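# Analysis of the macromolecular model
One-letter residues, chain by chain:
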Amino acid sequence: MGCGKTTWSKKLANRLGYEFIDLDTVLVAQAGMTIAEYFTEHGEADFRRLESEVLKQTNYPEKAVISTGGGLPCFFDHMDWMNSHGQTLYIKHSPKTLADRLESGKAVRPVLQNKHGDELIAFIEEKLAEREPFYNQATHIVNGLSMSVDSLAELVAKN
């Protein structure tokens, strides 16, 4: 959350001349409600099942950059599936950097409401501890502060 997945995916797709697909947008269209509404109405287990269906049943163009939600790689066999169907990228930031980036955008991230400063950093550290074993399986791990769209395009072109 807050690493720039969607922004960088759009930039990379544009640079490569590929289509851009945001799986969260696909999921919202399929569900007919926001992710927050789906979570509230159906719970996380049903959300993760739907998310898995969207990941595996979406008809992808041959050349596309896909942005996923931050939790998607951490469930079921998603990292193995994504790695076997293309290249994956983990945009790595420190918890402090992520907290700084998220601090002003909390209104659209209910899970972050009322978390500030050290409490927000602790929350991010906890989430990263849970998720990094999955994220670290990515084809490419890049420093989010030093990457550029050109460096990302070069990485993708090498494979």
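Scoring rules and cut-offs
Residues numbered from 1 in each chain as written. Predicted model: local features only at pLDDT ≥ 70, side-chain atom pairs only at ≥ 80, totals over all residues. Heavy atoms only, no water. Helix = DSSP H or I, 4+ residues; strand = E, 2+ residues; numbered from the N terminus. Axes fitted to C-alpha atoms, helices over the stretch in contact; angles between N-to-C directions. Parallel < 35°, antiparallel > 145°, perpendicular 65-115°, else oblique. Contact = heavy atoms within 4.5 Å. Nonpolar A, V, L, I, M, F, W, Y, C, P; charged D, E, K, R; others polar. Phe/Tyr/Trp six-rings, centres within 6.5 Å; stacked < 30°, edge-to-face > 60°. Buried < 20%, exposed > 50% of the residue type's maximum accessible area, 1.4 Å probe, protein only. Lys NZ or Arg CZ within 6 Å of the ring centre and 35° of its normal. Salt bridge = Lys/Arg side-chain N within 4 Å of Asp/Glu carboxyl O. Polar contact = N/O pair within 3.5 Å; in protein donor to acceptor, adjacent residues only side chain to side chain. Left-handed = near helix turned anticlockwise from the far one by under 90°.

Turning next to unusual backbone geometry. Backbone geometry places F76, a non-glycine residue, at a positive phi of 55 degrees. Mapped onto the elements of the fold, F76 is located in the loop between β2 (64-67) and α4 (78-85).

Orientation of helix α3 (residues 35-57) relative to α4, taken along the N-to-C sense of each, is 10 degrees, at an axis distance of 11 Å. As judged from the angle between their axes, α3 and α4 are roughly parallel. Mapping the contact onto sequence places S52, L55 and K56 in α3 and H78, W81 and M82 in α4. Of the residues belonging to the contact of α3 with α4, the class tally is three nonpolar, two polar and one charged.

So, about the packing of aromatic side chains. Evaluated as defined, the whole model comprises three aromatic pairs. Measuring from ring centre to ring centre gives 4.7 Å for F39 and F47, while their planes differ by 40 degrees; the resulting arrangement is tilted. The exposure class assigned to F39 is partly exposed, which follows from its relative accessible area of 30%. Residues Y90 and Y135 carry aromatic rings whose centres are separated by 5.0 Å and whose planes lie at 45 degrees to one another, so their mutual orientation is tilted. One end of the pair, Y90, is in strand β3 (residues 89-92); the other, Y135, is in helix α6 (residues 117-135), with 45 residues separating them in the sequence. With respect to burial, Y90 and Y135 carry one shared label: buried. Each member of the aromatic cluster is reached from another via a ring pair, and the members are Y38, F39 and F47. In this structure, K11 packs its charged tip against the face of W8, placed 4.6 Å from the ring centre. Directly above the ring of F123 sits K115, whose terminal nitrogen or CZ lies 4.9 Å from the centroid.

Another aspect to go through is the pattern of salt bridges. All told, the structure shown has eight salt bridges when counted by the stated rule. Its salt-bridge partner being R48, residue E44 comes within 3.2 Å of it at the nearest N-O pair. Here the residue E44 and the residue R48 both occupy positions in helix α3, the gap between them amounting to four residues, near one helical turn. Between K56 and D77 there is a salt bridge whose closest N-O contact spans 2.4 Å. You can see K56 sitting in helix α3 and its partner D77 sitting in the loop between β2 and α4, a full 21 residues away along the chain.

Inspection of the secondary structure assignment puts D46 in helix α3. For D46, a relative accessible area of 28% gives the class partly exposed. Within the local environment of D46, its side chain forms a polar contact with the side chain of R49, the two groups lying 2.3 Å apart.

Let us look at the environment of N143. Inspection of the secondary structure assignment puts N143 in strand β4 (residues 140-143). The partly exposed category is assigned to N143, whose relative accessible area is 44%. The sequence separation of N143 and L27 amounts to 116 residues, and the corresponding C-alpha distance is 28 Å. Within the structure, the side chain of N143 is placed 2.7 Å from the backbone nitrogen of L145, a separation counted as a polar contact.

To continue, consider the packing of helix α2 (residues 23-31) against α3. Running from amino to carboxyl end, α2 crosses α3 at an angle of 115 degrees, the nearest separation of the two axes being 11 Å. α3 is crossed by α2, and the crossing has right-handed handedness. Along the contact surface, α2 presents L23, D24, V26, L27, V28, Q30 and A31, while α3 presents I35, Y38, F47, L50, E51, E53, V54 and L55. Considering only residue class, the contact of α2 with α3 consists of eleven nonpolar, one polar and three charged.

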